[in-house]
Amino acid sequence: MKLYDLSVRKPVTVFVAIACICVLGVISLQRLKLAFLPKVDFPAMWVMASYPNQNPLILEREVTKPLEEGLSTIKGVRKVSSETESDQVVIRLDFNWGMELDLIRLELGLKLEEIKPTLPDGLRHIDIFSFNTEDIPVIQGRISAPGIDLSENYDLLEKHIKQKLERIPGVAKVDLGGVLPKEVSIELHLDKIKEHGVDVGEVVQSLARDNVNLSAGKIKTNGLVYNLRSQGKINTLEEFAEMKVTDSGLLLKDIADVLYEEPPIGYRRHLDGDAALALEVYKESTANTVEVATAVNAIVKNEIAADPLLEGITLLVWGDQGKDITEGLDGLTQAGLYGALFAVIVLFLFLRRLDATLIVATAIPISVIGSFIFLYAFGQTLNILTMMGLMLAVGMLVDNAVVVLESIYQKYLEGENAVEATRHGTREVIVALIAATSTTMIVFLSLVVSDDNQLGVWLSSIGLTICITLALSLLVSTTAIPLFASKVLDRFKKPEEAKNPGFLKGYTAVLNWSLRHPVWTGVLLLGLVGSTALPFSQLKNFKGTSFKTERLYMEYEFQDFFFLSDAEKAVDEVEAYIDTRREDWGLESVYSYMQENYAATSLNFKDRHMPVARFKEIRKELREGLPEIAGVKFMFDDDEQSSSQAVRIQLFGTETDILKTTGEKVAKLIEGIDGLYDIKSGKSSGKKELQVTIDREKANLYGISPEQVAETFGFTLRATYLPRFQAGERETDVTFGLRIEDRAYIHQVEQIPMGQGVKLGSIAKFEYADRPETIRRVDRKAHHVVRGTYEGENFNEMKEEIEARMQDFDFPPGVTWSWSDRLIQEDEDMDAMLLNLGLALILVYLVMASLFESLTQPFMIFSTIFFSLVGVSWLLFFTRTEFEVMAGIGMMILIGIVVNNGIIMMDRINHYRLTGMPLEQAVHDGAIDRIRPILMTAATTIMGLIPMAIGNSGLGGAYYFPLARTVIGGLASSTVLTLVGLPFVILTSHRTAKGLVRLFKWIVNKTRRGKKSQEQPAPA
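Note that the structure is predicted; figures quoted are calculated from it, not measured.

**Student:** Explain the overall build of the protein chain to me, using residue names and the numbers behind them.
**Tutor:** Along the protein chain, the regular secondary structure elements total 33 helices and 28 strands. Put simply, of all contacts in the protein chain between residues at least 6 apart along the chain, 79% involve residues at least 24 apart. For the protein chain, the exposed area adds up to about 48000 Å²; of that, 55% sits on carbon and sulfur atoms.

So this is what it looks like as C-alpha cells:
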C-alpha cells in the first residue's frame, strides 16, 4: 500500500503517527543540550616543556630538536612546528581533521617517555595539551580595582571569587590570570654567603635532603601489617628558617630570607586603562552551557558584587558563552520564523485560499519538530550550526507540499472528487518529489561525509540537519498533505477564474514567442549567461566584506629590548590617546596585554557589524594620530586568524640567522606596493644576556669544572626549585636563588663564591651578547615570517605583485618561501569546495538519470545551473559581497535547489509524452502546468532566506549573508530563465539530435552508394 493511499484509507492511523512525531519531537527538544558549537576536536596537540631562565639557543639544541625528531614519527602527523623561548619549548603537532585524538594522546605519552632520558635534568615538567570546542570558557571576565595592586591579593580573590564560582554545579574549574598563589621563596644574601664562605651547592643539597617524607618499609605486629614512613617534611616557615645548612651549625636564616608571598608576574593586563586580572570559567563536559553561564552571572551579580570585602573591586563579564548561545539561537529562530511567515504569505498570494495555505504550511512545523528526534538520537546539540541548518531548510520544507497540493488541486478542478484527486494527483508527482528531494539531500550529504578538512567538519552539522528535515518534509508531503487535502477540498470550491491568473497569460505569450523564435531565444540566453563574466571578475575587489569588523587589533614593535615597565609606559600613552577618541569611534572597551618586549592593544567596538569602509577609516585615523614613542612602531591587524587583510610571507631554511637576514631583504623588496602597510620582518627584537666564558686553566687549578659553574648559576641566578611545601591545604613551590638586588650588576655576579674561597670572577670573564627572543621552526626547519597589512581594494592583484617580485628574488641556498597558513587554508577550502561541487554534480546527475531512465534529460536540466549564475554574479556585485567560502557553499546548495524546477517541469512533459502528445505540445503544456508550483517553491525559498541575507548572523568571524545572497540571486534568475530556457533547451536538443541522426544516416547512405558504384564492373 502506497503512503498516500494509506493516508486516504486510514486517516486516523496517519494522524496518530503524525501526532506521535510531534510529541516525541517536543520531548527531544527539551532534552537537547544547548551549546554554542558542536563538540569538535581541533586536529592538533601541543607538548610544552618548561625550563625557566634558559638560553633559547641551548633549549633548541638540547630540548627542541630531540623532541621534534621523536614526535615526528607519530602516526598521522601532518606538520610539526615549534617555538623555543627562554622559559619553555612548545611543540605543536598538526593532524588531519577527523582523527581520534584519544589514541594519539596515548601514543604521544608513550613516545615522550622514550624521549625523556635524552633531555636535560633541568626540565621541570612536560605537559600535553589538546583542544576542542568544549574547552572554550563559558564565562570570560576582567577583575579591576583602580589604585589597588590585585596581583598581591590571591588569597582574597581565591576565597571570595574563585571558590564561590567553583561551587556552582556544572563548573569544572575557574582560572585567575595575572595573579598567582603564594609560594616559598628563599632569597640568598650575597654578602652573608661571602662572609660565611658558604658552598651554595651544599646548601641546596641539604634543603632537598631534609624536606622529604620517605617510606621505611613495613612492620608486622599482632598479626597486622603497618607501613612505615619517615616524616621529614617541613611544615612551617619557621622550620625552614631554623634548618642547619652547614656542619658548623649555620642556619638558613643566617644567609637568606625565607618569604611566603605572591611571586612576581611577568605580564600585565589593562582594561579601559586600569590594571586588570583575567577570569575564566570552564564547564564540565556534561553540563548545560546556558545553565552554567546563567548561574555564574547570578553569583557575580548577587553575591560577589555585594561582598563587603571586595569593595572597590569590579568584576566585569565581557565574554558570556551562554548569552552568545541564546542571542545566536534567538536571532536564528527569529529569522526562521520570519522566513516561515513570509513563505506562508507567498503561498496565500498564490493559492488564494486559507485552508490550502494552512495545509501546505503544516509541513514546516511537523518537519522541524520531527527533526529534533533524530538530532537527539544522533547525539547532536542545539547549537548555532544546527539552527542554521533549520533556518536554511525552512523555505524548502514547503516545496514538496506545494507540488503535491497543486497536483491534487488540478485533479480536483478537472472534476474528480477529493479522495480520487488526492490519490491520482499525488501519484503523478511522486517520482518528481523523490528526484527533487534526493538531489537536494545529496548535495548536503556531501557536506556530511567530507569531514577530512575544517570546512567539512563545521558544515557537517548543517548538512545533517537539512537532510533530516528534507526527508521529513517528503514524508509529510506524501502522508499529511494528502490526508488534509482529502478532508478539506470538498468543503470549498475554488472560483473558476482563478485557474487563469494574469501572470499566466503573460507567461504563455512569452513562452509562445520563445518557441517561435528559437534563434533569438538562444542568443538572449547565451548573452545573459555570458554577461556573468563582468561581475564575477569584480567580486575579488570586495575582499573582507564578509568578515566581522567588531574589533581592531594592534601590536607594538619595539626597536630595542623593552622591559615590562617600559612596555607598560608605552601602552599607557597609547591608551590615553585612544580614550580621547572613544566617543568618535564608538568604542565599547579597550584591552591591552603587555610583557617584556611585547605589547598589544585591542579596540572593541559597540557596533559589532561596522561597515568595512568605516573600519578602514578608523584604522587610518588611529595610525595617523598615535603618539610618537621613541623605539616603538605600531602594527595593525597582526592577529592573522581574525584579519582578512593580513599578509604573511613564510620563509624556511636551515639557519635562523640566514632567514633573519633574508627576511629583512624581503621586507624591503615588497615595500612600495600600493596599499601595503606595516611591513615587518620577524616577530620581536631579541634580548641581551650575560654570557660567561670560563678560563679552563684557572678552573682546573682550583679543581672547579664547568658543570659546577653551571650548577652554581642555576642555584643563584636562574633560581632552582626545591621539594614543594605544604601550606595549609595547598602545596606550593619552593624557589631558591640570589636576591634580585644581589644579581643586578656584573660586579656582584663576579663575587659569587665557588667553594674553596674561589670567586666566580677569578676563573671567568663576562660579556653581554644578543639572544633571540623566540626561535621558530616548522617541520624541523628554521622559520621566519615577514608580515604586513593590506589596505587596498584588490587583494589578489597585490598577491600577484608580491609573487612576481619573489620570483625574481635571489634566495640563499636552501631557503624557500610560501604564503601564510591562513591563505593556504583559504585556497585549500576553495579547492575542497570545487571538489564538492563536482561531486554534487555527478551525484545529482546519477539520481536524475536513474529516476527518469534517461541519460540525456539530466544534461538538459543542468541548464538551470547555468541560468543561476546570472543572478548569483549580479546580486553579489550590486550588494558588494565577496565571493568566498560561504558563497561557495551557497553555490553547492543551488545545485540541489535549482534543478528541482527543471525536474518538476521535465516530469510533467514526460507524463504528456507518455499519453502520445507531440513533443512541441507536451513541452508547451508541461511548462504552462508547472509555472505555479515552480514560482511558489522558488518564492517561498527566497522569502525564507531574506532575513539571513539582510541580517548579521554568522559563525566565528564570518557572516552568513554571502550564502543567502548567493542562493537568492541564483534561484531567482534560474527560476525566471528556466520557465523560458528549459523548454528551449529541450526542443533544441531534440531537434539537434534529429539533425545529427539524419546527418549520420546521410553519411552512411552516401558511403554505401559509393561502395556500390566501385563494386559495379566497368563497361566492356
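**Student:** Which residues make up the packing of helix α5 (residues 154-166) against helix α9 (residues 289-304), and what values do they have?
**Tutor:** Interhelical geometry of α5 versus α9 gives an angle of 145° and a closest axis separation of 10 Å. For the crossing formed where α5 meets α9, the hand is right-handed. In this structure, α5 uses H160, I161, K164 and L165 to contact α9, whose residues at the interface are V296, I299, V300, E303 and I304. Its residues assigned to classes, the contact of α5 with α9 comprises six nonpolar, one polar and two charged.

**Student:** Before we move on, could you go through the pattern of salt bridges and cite the residues and values that matter?
**Tutor:** Applying the stated criterion across every chain, the model contains 25 salt bridges. Here E62 ties to R61 by a salt bridge, and the two come within 3.7 Å at their closest N and O atoms. Judged by relative accessible area, E62 falls into the partly exposed class, the value being 31%. One salt bridge connects R92 with D94, and the closest N-O pair in it is separated by 2.9 Å. On the basis of relative accessibility, which here comes to 28%, the residue R92 falls in the partly exposed class. The network of salt bridges with shared partners includes R581, D584, R614, E617 and E621.

**Student:** Give a description of the packing of helix α2 (residues 11-31) against helix α12 (residues 363-377) that names residues and reports values.
**Tutor:** Across the interface, α2 lies against α12 with an axial gap of 7 Å and an inter-helix angle of 55°. Taken together, the axis directions place α2 and α12 in an arrangement best described as oblique. Viewed along their axes, α2 and α12 form a crossing whose handedness is left-handed. On α12, the residues touching I18, I21, C22, L24, G25, V26, S28, L29 and R31 of α2 are I366, I369, G370, F372, I373 and Y376. Looking at the contact of α2 with α12 residue by residue, the class counts come to 11 nonpolar, three polar and one charged.

**Student:** For the nonpolar core, give the residues involved together with the corresponding values.
**Tutor:** As a rule of thumb, nonpolar side chains are buried together in soluble globular proteins. Counting 85 residues, the largest nonpolar core has L392 and M948 as the members making the most contacts within it. Take this core: its biggest share by element is 16 residues, from helix α30 (residues 885-914). I18, V394, L413 and A421 belong to the second largest nonpolar core, which has 52 residues in total.

**Student:** Before we move on, can you summarise unusual backbone geometry with the specific residues and values?
**Tutor:** Leaving glycine out, the prevailing phi sign among residues is negative, and the prevailing peptide bond configuration is trans. Positive phi, close to 55°, is recorded for D272, a residue that is not glycine. Note on placement: D272 falls in the loop between β11 (267-271) and β12 (274-283). Positive phi is not limited to glycine here, since N597 has a value of about 65°. N597 sits in the buried class, given a relative accessible area of 3%.

Definitions and limits used
Residues numbered from 1 in each chain as written. Predicted model: local features only at pLDDT ≥ 70, side-chain atom pairs only at ≥ 80, totals over all residues. Heavy atoms only, no water. Helix = DSSP H or I, 4+ residues; strand = E, 2+ residues; numbered from the N terminus. Contact = heavy atoms within 4.5 Å. Areas by Shrake-Rupley, 256 points an atom, 1.4 Å probe, with all protein chains shown as cover. Axes fitted to C-alpha atoms, helices over the stretch in contact; angles between N-to-C directions. Left-handed = near helix turned anticlockwise from the far one by under 90°. Nonpolar A, V, L, I, M, F, W, Y, C, P; charged D, E, K, R; others polar. Salt bridge = Lys/Arg side-chain N within 4 Å of Asp/Glu carboxyl O. Buried < 20%, exposed > 50% of the residue type's maximum accessible area, 1.4 Å probe, protein only. Parallel < 35°, antiparallel > 145°, perpendicular 65-115°, else oblique. Core = buried A, V, L, I, M, F, W, Y, C linked by side-chain atoms within 4.5 Å.

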